[in-house]
Each structure stands twice: as C-alpha cells, then as structure tokens.
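Next come the chains, spelled out residue by residue.
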Amino acid sequence: MIFDYQMIWENLPLYWGGVLVTLKILLISLAFGLSLALPLALMRVSKSPWVNFPAWLYTYVIRGTPMLVQLFLIYYGLAQFEFIRDSFMWPYFSSATFCACLAFAINTSAYTAEILAGSLKATPPGEIEAAKAMGMSRGKLYRRILLPSALRRALPQYSNEVIMMLHTTSLASIVTLIDITGAARTVSSQYYMPFEAFITAGLFYLALTFILVRLFKLAERRWLAYMAPRKA
C-alpha cells in the first residue's frame, strides 16, 4: 500500500480550517466550562447539604452520562420542543457551533468542578489558619488564599482534562461541523482513502496535544515551582 501524499497535500487547507474550528470550539468550551466550574467547586466544598447536594447531583449526572448523548440531547433533542423553536433562543440552538460549545462546556464544567473541589479540600490547614490570624474575611480568604492555591495545585489534573476535551471535540463532526475529524471524513468520502485521511487527522491531534502538554509543563514550572523537590 502506498500512502498518497499528494492527496493529503491538496487537502491541507481543509485540514487547517478544521484545526481552526477545533481550537475555536475548545477555547470557548474551556472558558465557559471553567467559569461555571468555579462556583460549582465552591458549592461542592460547602458544609451545607442544601448547597452541596445540587452541585454534587449536577456533576454526578454529567460525568455519569456519555458526552455523545449530551451532545445529541442539546442539538437534536431540544428542537422537538415548540417553545424552544418559538423562543429567541432558537437561532442559537439551531446553530451546530453553539450546541457543540454548550455541550462541551457543560461536560467539562462537571469534571473541572470536581478537580477544583478536590484541590480546595487539599489546602494545607496552615494556610487557612494564617489567613484567619491576619483577620481575613471569608470572601477575602477564598479570593486571596484558597482559590489561587487550589488553581495552582489543580494544574496537572486540569491539563489532563484539557487534553481530553481536545479529543472530545472530534464529536463535533457528528453535528455537521468541519473540524479536524470532519475534514478527515470529508476527504475519506471524497477520495475513498480513509487510511490517509484519518492518519493525517491523528497527526494534527497529536501535534496539538504536544503543544498543550508543553504549555502546561511551562505553567507548572512557573506556578508549582515551590512544590518541586529541593536539590541536595
């Protein structure tokens, strides 16, 4: 079998367009997902069951159901309700990009909330006691001590979530978006060369994964340097 490089070269613009769509979906989903995850994480560490339980139920349901099911429910399922079709939200819910970003943001918010909640619970008691000794209010304690500290410690786990979300964006092609996987499916159906088409897509995902891993390694080296073992 001979790999058809010429066919791939001719379709590189389609793949590059797919890369831009993938990055757009990924960044929007992560931004909104993190924004939603922060209050959810604070609710998860609350001692009040009235505050903790709704956040726990949300993360349990989202993490306990497949991403593809969530995407189908938002993109296909909501369209069956007349009040959705007649509302001002219909132009948004009829958009594949909006539905994909919404589904991915909801999914990543649940996982990120649990990551942040775990980091908040792992805060050394000494940091909290020192902040209280200085007379910090509860809001200032969270704003200046707990959240910054938890966000730094969560970097390694959150980097895994970002990589998983990058790979999850490949599902966007199912709802007609031409991302990297969508470009590969287009090339495969047009030339009947699935091996070349999807190998190329895999290489693009591999390159993006490598870049993200390196960026997070740099971030960890910058903000987690105090946790590194001291050299003798």
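What you see is a predicted model, and the numbers here were worked out from it, not measured in a lab.

Calculation notes
Residues numbered from 1 in each chain as written. Predicted model: local features only at pLDDT ≥ 70, side-chain atom pairs only at ≥ 80, totals over all residues. Heavy atoms only, no water. Helix = DSSP H or I, 4+ residues; strand = E, 2+ residues; numbered from the N terminus. Buried < 20%, exposed > 50% of the residue type's maximum accessible area, 1.4 Å probe, protein only. Contact = heavy atoms within 4.5 Å. Areas by Shrake-Rupley, 256 points an atom, 1.4 Å probe, with all protein chains shown as cover. Lys, Arg positive; Asp, Glu negative; His and termini not counted. Charge placed at Lys NZ, Arg CZ, Asp CG, Glu CD. Axes fitted to C-alpha atoms, helices over the stretch in contact; angles between N-to-C directions. Parallel < 35°, antiparallel > 145°, perpendicular 65-115°, else oblique. Left-handed = near helix turned anticlockwise from the far one by under 90°. Nonpolar A, V, L, I, M, F, W, Y, C, P; charged D, E, K, R; others polar. UniProt positions renumbered as here; feature names shortened; annotations may be inferred.

Secondary structure assignment for the protein chain yields twelve helices and zero strands. Helices and strands appear in the protein chain in the N-to-C order α-α-α-α-α-α-α-α-α-α-α-α. Its C-alpha atoms put the protein chain at 70 × 60 × 25 Å along the principal axes. By the burial criterion, 40% of the 232 residues in the protein chain qualify as buried. For the protein chain, the proportion of contacts with a sequence separation of at least 24, taken over those separated by at least 6, is 77%. Of the roughly 13,800 Å² of accessible surface on the protein chain, 69% is carried by carbon and sulfur atoms. Of the side-chain charges in the protein chain, 20 are positive and 11 negative, and the distance between the mean point of each set is 18 Å.

Before going further, it helps to examine the packing of helix α3 (residues 49-63) against helix α7 (residues 96-121). Axis separation between α3 and α7 bottoms out at 9 Å; the angle between their running directions is 120 degrees. Here α7 runs oblique to α3, going by the angle between their axes. Here the hand of the crossing between α3 and α7 comes out left-handed. Together, Tyr58, Thr59, Ile62 and Arg63 of α3 and Ile106, Asn107, Ser109, Ala110, Tyr111, Ala113 and Glu114 of α7 make up the contact between the two elements. The class makeup of the residues in the contact of α3 with α7 is six nonpolar, three polar and two charged.

Let's shift gears to the UniProt feature "transmembrane region" (unreviewed entry) in the protein chain. The UniProt feature table records "transmembrane region" (unreviewed entry) at residues 14-43, 55-78, 90-111, 162-185 and 197-216. Between the end C-alpha atoms of residues 90-111 the distance is 28 Å, and the span holds 91% helix and 0% strand.

This part takes up the environment of glutamate 82. Within the secondary structure, glutamate 82 is located in helix α5 (residues 82-85). Looking at glutamate 82, the relative accessible area reads 53%, which means it is exposed. Placed 124 residues apart in sequence, glutamate 82 and leucine 206 show a C-alpha to C-alpha distance of 42 Å.

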